[in-house]
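Examination of the molecular architecture
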Amino acid sequence: MLRPKTILLVEDDQVDCLTVKRALKEIRATNPMDIVNNGEEALKYLVSPDNDRPGIILLDLNMPRMNGIEFLKAIKKHPELKMIPVVILTTSRAKQDIRDSFSFGAAGYMVKPLDYREFVDAVVTIARYWRLSELPE
Amino acid sequence: MYGYFEPWQWFVLASDSKEEVFSVANKMKPYIIYLAILASVAMSIALMFLARRFTEPLQLLTAGADRIGKGDLKTRISIPGRDEFSHLAEVFNQMAAELQNTLTTLQQREEHFRSIIENASDFISILDAEGVYLYASPSMGRILGYRPGDLIGRNSFDFIHADDRKDIKFLFDQRVKSNTKMSPAEFRINHRDGTWRTMEVVTKNLLNHPAVGGFVVNSRDITKRKQALEALHQSHQELERRVQERTAQLKSTNRELKEFAFVVSHDLKAPLRAISQLTHWISEDYADAFDREGKEMMGLILNRVKRMDGLIEGVLSYSRIGRIKERMEILDLNVLVHELIESIMAPPHIHIGIENVLPVIQSDPIRMQQVFQNLLGNAITYMDKREGVVTVGCVDEGVHWKFSVSDNGPGIDRSYHVKIFQIFQTLAPRDKHESSGIGLTLVKKIIEQYGGSIWVESEPGKGSTFYFTLPNNGGNHVAA
């Protein structure tokens, strides 16, 4: 079995980062996780030869400097990077955000629940799906 | 003395003396002369009288006829007597009187029409086939500053604005030629002071009319009307412009406000979630460090966070009404309300019923759901009776439907009837009934957005009835 792929979390809220980390630990996901704080940093991370290509990107929408939608637009123009599945993990329930996310190629859209237990459920659902889904090499 | 008597070729001799022969004659001679003189004098006197008798009335008649002929119809010839002359004079007099009458009548009639024309506010002119003024009524002076005399002989088209001249000339020529019917024409005409006046004219071709022999133009000064119209038009446009401006301002303010509400609520949620999760972890990870009271406090924090989240969610959904395009569908409210009642799952001691057949309306199903859900939800939440009865009803009031949701709950004091529709207003303590205080505000906003109104009729201890109206836009009808 191959080494589990890296999860890239693009998130500026420290507590939300902790939540994801904690939830992953709770479901015993062995994937390494890297965290960047906004879209710009995420792009830098992805093009850097030092980093492995992540298997999935968990993307917040509301971030400083380069927000999630802008990042999504940028990455989907890239011939290689566009194949990485991007799941939106956000507070926004706005219809416009949901439309934009999917029209720019998001693979999923999750609203961060207020309650931690529900948050864990959300992370579990994401993890289960991507464990089963086939991914491009 | 002798004499030759021809027939007989005799000479006749008379021998008596002259005196003897002529004595008698001579004696009579003075008498005869006297008589002759007398006769001739008498004759001349008689003749004089006679001549007088004939010539005087003739002269009178001649003079009278002369005066009448010259137009003095007041003349009356007075010849006394009962002869032919006096009769003739009488006839003359009658004729003159009749003529005078006729003429007076005619003059009065002319006066009548003239005064009508001259005192008309419209300006009446008569033109020849070329457009030259033959007559212009005095109103001309008032309207265009000219005396009628100034215009006679001048071409009316010289006074018309160059931009209008061609069109008007065309219409005029057409009318002169064919006498077709013409709707009122409008053009600008030059006032003596150089300004332009707008005239509206109706015309009649009477060029071939023996009494008129001209093209009659009735012109009306519509400058003021035109200006008023123009002013009205301008103020209307100005108003429109301002309305548009204000609407744009309002729209942008509204949009900003909604965006503000959205962003604020959105940004408020992030830290709230952090608090919620951190609290959760602390109470999980350090469960041993808390005693019962500490755990209760942690629970209260989580509860308050949830409430805060509810409030924010309320503001969000409130700000979403009208911001997101509403979906209009044909809705059978019987179905919608029935499904809602089932999904609410009211406690067994509360009975929810539909009083009568609800209409089929055109509306957004989600919004209508929110309306009934909130009203029914409130009725259930605050129910204080052992046997709760909640009833949904509807009355067709012509222009709108009047819906009602009534309950036999605690009732609401009159002083709160308005306040309950204001945002974040709750009547019961939140710890007793967890409420965001946004439900009725939301309902009110939805109803008003659909052109209806909402109010409550209630008294403490007698239950409450919430009424709201929705316009009945013809297409709606009561479901069979």
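Report on the accompanying structure. (Residues numbered from 1 in each chain as written. Chains lettered and ligands numbered in written order. Predicted model: local features only at pLDDT ≥ 70, side-chain atom pairs only at ≥ 80, totals over all residues. Heavy atoms only, no water.)

1. Remarks on the overall build of chain A
- A tally of regular secondary structure across chain A gives five helices and five strands.
- In chain A, the succession of α and β elements from N to C terminus is β-α-β-α-β-α-β-α-β-α.
- Over its C-alpha trace chain A gives a radius of gyration of 14 Å, about what one expects of a compact globule, namely 14 Å for 137 residues.
- Oriented by its inertia axes, the alpha-carbon framework of chain A measures out at about 40 × 35 × 25 Å.
- The buried share of chain A, reckoned over its 137 residues, is 47%.
- Restricting to contacts in chain A with at least 6 residues of sequence separation, those with at least 24 account for 67%.
- Taken together, the 20 basic and 20 acidic charged side chains of chain A have centroids lying 3 Å from each other. (Helix = DSSP H or I, 4+ residues; strand = E, 2+ residues; numbered from the N terminus. Rg over C-alpha atoms; globule rule 2.2 N^0.38 Å. Buried < 20%, exposed > 50% of the residue type's maximum accessible area, 1.4 Å probe, protein only. Contact = heavy atoms within 4.5 Å. Lys, Arg positive; Asp, Glu negative; His and termini not counted. Charge placed at Lys NZ, Arg CZ, Asp CG, Glu CD.)

2. Quick word on the interface of chain A and chain B
- Tallying the contact residues gives 19 residues for chain A and 21 residues for chain B.
- Both faces considered, chain A and chain B share a buried interface measuring about 1700 Å² in area, 54% of it formed by carbon and sulfur atoms.
- Taken as a group, Arg22(A), Thr91(A) and Leu114(A) account for 38% of the area that chain A buries against chain B, more than any other trio of residues on that side.
- In this structure, the connection of chain A to chain B is made through four salt bridges.
- The closest approach of N and O atoms between Arg273(B) and Asp16(A), which form a salt bridge, is 2.5 Å.
- Linking chain A to chain B there are seven residue pairs in polar contact (both at pLDDT 80 or more).
- At the level of secondary structure, the elements contributing two or more residues to the side of chain A that touches chain B comprise helix H1 (14–26) and helix H5 (116–132) of chain A.
- By residue number, the principal contributor to the side of chain A that touches chain B is H1(A), which donates five residues.
- Its residues assigned to classes, the side of chain A that touches chain B shows seven nonpolar, four polar and eight charged. (Buried area = accessible area lost by both parts, 1.4 Å probe. Salt bridge = Lys/Arg side-chain N within 4 Å of Asp/Glu carboxyl O. Polar contact = N/O pair within 3.5 Å; in protein donor to acceptor, adjacent residues only side chain to side chain. Nonpolar A, V, L, I, M, F, W, Y, C, P; charged D, E, K, R; others polar.)

3. Some details on the side chain of His417(B)
Residues and elements named next belong to chain B.
- With respect to the secondary-structure elements, histidine 417 resides in the loop between strand S12 (400–407) and helix H10 (439–449).
- By relative accessible area, histidine 417 is classed as buried at 12%.
- Engagement of the side chain of histidine 417 in a polar contact is seen with the backbone oxygen of isoleucine 412, the distance being 2.9 Å.
- Histidine 417 has contacts with Ile412, Val456, Glu457 and Ser458, leaving out every residue within four places of it along the chain.

4. Here we look at the environment of Ile117(B)
Residue and element names in this part refer to chain B.
- Secondary-structure assignment places isoleucine 117 in helix H2 (residues 84–119).
- On the basis of relative accessible area, isoleucine 117 is assigned to the partly exposed category, the value being 28%.
- If we ignore the near neighbours within four places in the chain, the residues touching isoleucine 117 are Ile124, Tyr135, Ser137 and Ser139.

5. Description of the nonpolar core
- Met368(B), Phe372(B) and Phe468(B) are the most contacted members of the largest nonpolar core, which totals 39 residues.
- Those elements that place two or more of their residues in this core are helix H8 (333–344), strand S9 (350–354), helix H9 (365–381), strand S11 (388–396), S12, H10, strand S13 (454–458) and strand S14 (464–471) of chain B.
- Ranked by the residues each element gives to this core, the list is headed by H9(B), at seven residues.
- For Phe372(B), the residues in contact, after removing those within four places along its chain, are Leu333(B), Leu336(B), Val337(B), Leu340(B), Gly377(B), Val392(B), Phe403(B), Val405(B) and Phe468(B).
- Core analysis: the next-biggest nonpolar cluster, separate from the first, contains 22 residues, Val20(A), Leu89(A), Val123(A) and Val124(A) among them. (Core = buried A, V, L, I, M, F, W, Y, C linked by side-chain atoms within 4.5 Å.)

Honestly, that's just the spatial picture; any functional story needs more than this.
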